[in-house]
Amino acid sequence: MSEIKHFFNKAISLLTPPIKNEFPFLVLFFLLISLSPIKYLIGGLISAGHMDPIVYIHMCRAIAISYLLTCIVYYSHNKWVKVLFYALGCTLFGVNVFLWLVFHKIIDPSIVNPIIETNKQEASEFFQTFLLNKKGIISVTIICFTIIVICFIERHKKQLRSKFLSHRLLYKTVDIVVILLSVVGICNFRIYKSIFSTSTTDQMGIGDPMPYDSFTASLFSIQSVRLAKNEIQNTVLLTEKCKPGYIENKDSLNIILIIGESYIKKHAAIYGYYLPTTPNMTKEMNSGNLFPFNNVIAPYAGTSAVIRNVLECNSIALGESWYKTIYFPTILRKSMFNVSFWDNQRDDFTKGVDTYTLDALLYNQQLSHVTYNATNKKSFKYDDELIKDYESKKSLAKYNFHIFHLWGQHVDASERYPHGQFSRFSAKDIRNNAPYMTESKKQDIANYDNATYYNDYVVNHIINLYRNKNTVVVYFSDHGEEIYDYRDSKGRVEAAAGQEKNWLKYQFEVPFVIWCSDKYKALHPDIVRRIKASLQRPFMTDNTCHLLFDLAGLKTIYYRPERDLISPKFKPSKRIVNNNTDFDAVMRK
């Protein structure tokens, strides 16, 4: 017992002095690298009265980083070590302030990549264009003021420390809080193993990591750029060489692919939800034009990883990597289809470090040249504005393949629909009475259901554009979500012990529907019959391209009938999610 007490006292004597003696550095460095998490924390508390636990986890990690550097500063007894760390913190803070004020962005791979590739002339032009404008000057002023504050605090460190940490109880409390939060943060240092031990962007980009501290975001961004460049160049070279197919059906045809966002299947009325969140889909289903599939899942719970695998010809079950196959919209373009892509998440800064690896693929210059006839040039606050933009610019050929990528119910759901007309539901409509529920959380659920209701309206708008033409529409969400459905959590947090089935059900099961116009049904009765016979089949969205080839009547060497959801030759395969979880094996337990 005495040995344990001695060890404990020894540990305390080593862990606490850096906090007391370098407390200003600890606090200042934390603030310098935590601009993004603090912003999301304050925004979440103001808008909803609470925040996703992932933000607190990121803040704990930032505290842990700051504490470890504080220990190095204290035990090195070298002022230049402190100066070096302050320089690092100020640089990250300054870059974030500048990016936010000038571009409304945070540190992410889309920023790191141009920095790495910029030459002297481009750097000079950038300096003159952005750093010397009004917002650039404001950024520089904030950075200079920050440095002055740091110098002032360091110069008067002893007086400030004696004033604020003079009481024994106070500084002991501070010691305990910092150490406990640092322990929590260090437990989440496993992210660094993920960053540096992974060999593909799919392994890195699971989930929405938007509130990363600047330090972690920078490391993630550098590694993402390195991995993504190699992967994208590989798939681009393969895609440029892909062979065209041919269309047997000579009638004009429209194939529409709509990819939603963060859609909880159990919040859709067409899947039995108690609120009428999908009135238009329900109407189309009752009229015999819309067919909801009941056993479809996403391969990941993050947008970038899902869409990379959806738009390529790989099969995860067979161990095929997306970047070693062909970008399938190019096959359609080479097969005489007019291909367009209207993406409302283009350049989405809220996903920070995750977005670059997707945008770098979708809008790669070489790939775009051989794939798209048209794309949107900007994104919009609400999805229907994107559809109106498409409607004003669309150009139809005999054969058309159009892709829409929506905001859907992406967090924060209250920002995803125009309030007023689409504020259909409120807290009083929510029947979730779990012990952890509050009025505010019920309103969060109502906001999510309102976003779902608006999403139904947007999808119906797209359908109406093609209702009188030979058209088939495939709609599904990139992944699911949680909104206090079975635990006190929203977003996409990892499963705790015993929660695995619900975690898979809410985050990976997705709504998946096919809509056929009356003309398409009349011209393709066999396909409609096969659709109806396939509604219960187990399917994962990484094999969507084969379904689309079939619906389009496209004869291509890249078609695999055993992967086609509606083919008589379809063979269910093992469904692996998040790289290592056997979905069906877990659900059978």
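Residues numbered from 1 in each chain as written. Predicted model: local features only at pLDDT ≥ 70, side-chain atom pairs only at ≥ 80, totals over all residues. Heavy atoms only, no water.

Structural notes on the pairing of strand E8 (residues 471–477)
- Counted residue by residue, E8 has seven buried out of seven residues, so it is predominantly covered.
- Neither face of E8 is open: one carries Thr-471, Val-473, Tyr-475 and Ser-477, the other Val-472, Val-474 and Phe-476, and all of them are buried.
- Bridging between strand E2 (residues 253–260) and E8 involves seven bridges; their strand directions are parallel. Among the inter-strand pairings, Leu-257 is bridged to a residue of E8, identified as Val-474.
- Bridge count between E8 and strand E11 (residues 512–516): five bridges; the pairing is antiparallel. Note on E11: the bridge partner recorded for Tyr-475 is Val-513. (Buried < 20%, exposed > 50% of the residue type's maximum accessible area, 1.4 Å probe, protein only. Helix = DSSP H or I, 4+ residues; strand = E, 2+ residues; numbered from the N terminus. Pairing = 2+ DSSP bridges.)

Some points on the environment of Ser-304
- Tracing the chain through its elements places Ser-304 in helix H16 (residues 303–310).
- Note on Ser-304: relative accessible area 1%, which makes it buried.
- The spatial distance from the C-alpha of Ser-304 to the C-alpha of Leu-358 is 5.2 Å, given a sequence separation of 54 residues.

A short note on the sheet that holds E8
- Within the open sheet, the seven strands sit side by side as E3-E11-E8-E2-E7-E5-E6. Their pairing is mixed. The sheet is open, and its two borders are formed by strand E3 (290–293) and strand E6 (374–375), each paired with just one other strand.
- Contacts from helix H20 (residues 383–393) reach strand E5 (338–343) and strand E7 (399–405), with the element oriented near 150 degrees to E5.
- Packed onto the sheet, helix H21 (residues 439–466) meets E2, E7, E8 and E11 and runs at close to 170 degrees relative to E2. (Contact = heavy atoms within 4.5 Å. Axes fitted to C-alpha atoms, helices over the stretch in contact; angles between N-to-C directions.)

Notes on the packing of aromatic side chains
- Counted according to the given criterion, the structure contains 28 aromatic pairs.
- Ring centres of Tyr-390 and Phe-404 lie 4.7 Å apart, and the angle between their planes is 80 degrees; this geometry places the pair in the edge-to-face category. Placement of the pair is Tyr-390 in helix H20 and Phe-404 in strand E7, with a sequence separation of 14 residues. Here Tyr-390 matches Phe-404 in class, with each residue buried.
- Pairing Tyr-454 with Tyr-457 gives two aromatic rings, centres 6.2 Å apart and planes at 20 degrees, and the pair type is stacked. Of the two residues, Tyr-454 and Tyr-457 both sit in helix H21, three residues apart, roughly one turn of that helix.
- Exposure remark for Tyr-454: the relative accessible area of 3% places this residue in the buried category.
- Linked through ring pairs, Tyr-382, Phe-422, Phe-425, Tyr-453, Tyr-454 and Tyr-457 together constitute an aromatic cluster.
- One Lys or Arg, Arg-416, reaches over the ring of Trp-407 and ends 4.2 Å from the middle of that ring. (Phe/Tyr/Trp six-rings, centres within 6.5 Å; stacked < 30°, edge-to-face > 60°. Lys NZ or Arg CZ within 6 Å of the ring centre and 35° of its normal.)

Points about the side chain of Asn-289
- Relative to the assigned elements, Asn-289 resides in the loop between helix H15 (279–286) and E3.
- For Asn-289, a relative accessible area of 6% corresponds to the buried category.
- Other than its neighbours up to four places away in sequence, Asn-289 contacts Glu-284, Ile-514, Trp-515, Cys-516, Ser-517, Asp-518 and Lys-521.

Things to note about the confidence of the model for the protein
- In this model, the protein carries an average pLDDT of 88, and 88% of its residues clear a pLDDT of 70 or more.
- Overall, residues 206–210 carries pLDDT values under 50, and its contacts beyond four positions in sequence, including any with other chains, amount to 20 contacts.
- Low pLDDT (under 50) marks residues 349–354, which in the prediction has 33 contacts with non-local residues, meaning those over four places away or in another chain. (pLDDT = per-residue confidence, 0-100.)

Considerations on unusual backbone geometry
- Looking along the chain, the bond that leaves Val-411 and enters Asp-412 is cis, with omega of 0 degrees.
- Relative to the elements of secondary structure, Asp-412 occurs in the loop between E7 and H21.

Considering the side chain of Asn-314
- With respect to the helices and strands, Asn-314 occurs in the loop between H16 and helix H17 (328–334).
- When its relative accessible area of 0% is taken as the criterion, Asn-314 is described as buried.
- In this structure the side chain of Asn-314 is engaged in a polar contact, spanning 2.9 Å, whose partner is the side chain of Asn-309.
- In this structure, Asn-314 is in contact with Asn-309, Glu-320, Ser-321, Trp-322, Thr-325, Asp-542, Asn-543 and Arg-563, ignoring residues within four places of it in sequence. (Polar contact = N/O pair within 3.5 Å; in protein donor to acceptor, adjacent residues only side chain to side chain.)

Some remarks on the environment of Thr-325
- Following the sequence through the fold, Thr-325 ends up in the loop between H16 and H17.
- C-alpha of Thr-325 to C-alpha of Asn-314: the two residues are eleven residues apart in sequence and 5.9 Å apart in space.
- Other than its neighbours up to four places away in sequence, Thr-325 contacts Thr-235, Leu-238, Thr-239, Glu-312, Cys-313 and Asn-314.
- A distance of 2.9 Å separates the side chain of Thr-325 from the backbone oxygen of Trp-322, its partner in a polar contact.

Examining H20
- Taken as a whole, H20 has its buried residues at Asp-383, Asp-384, Leu-386, Ile-387, Asp-389 and Tyr-390.
- In this structure, the buried residues of H20 make contact with E5, E7 and H21.

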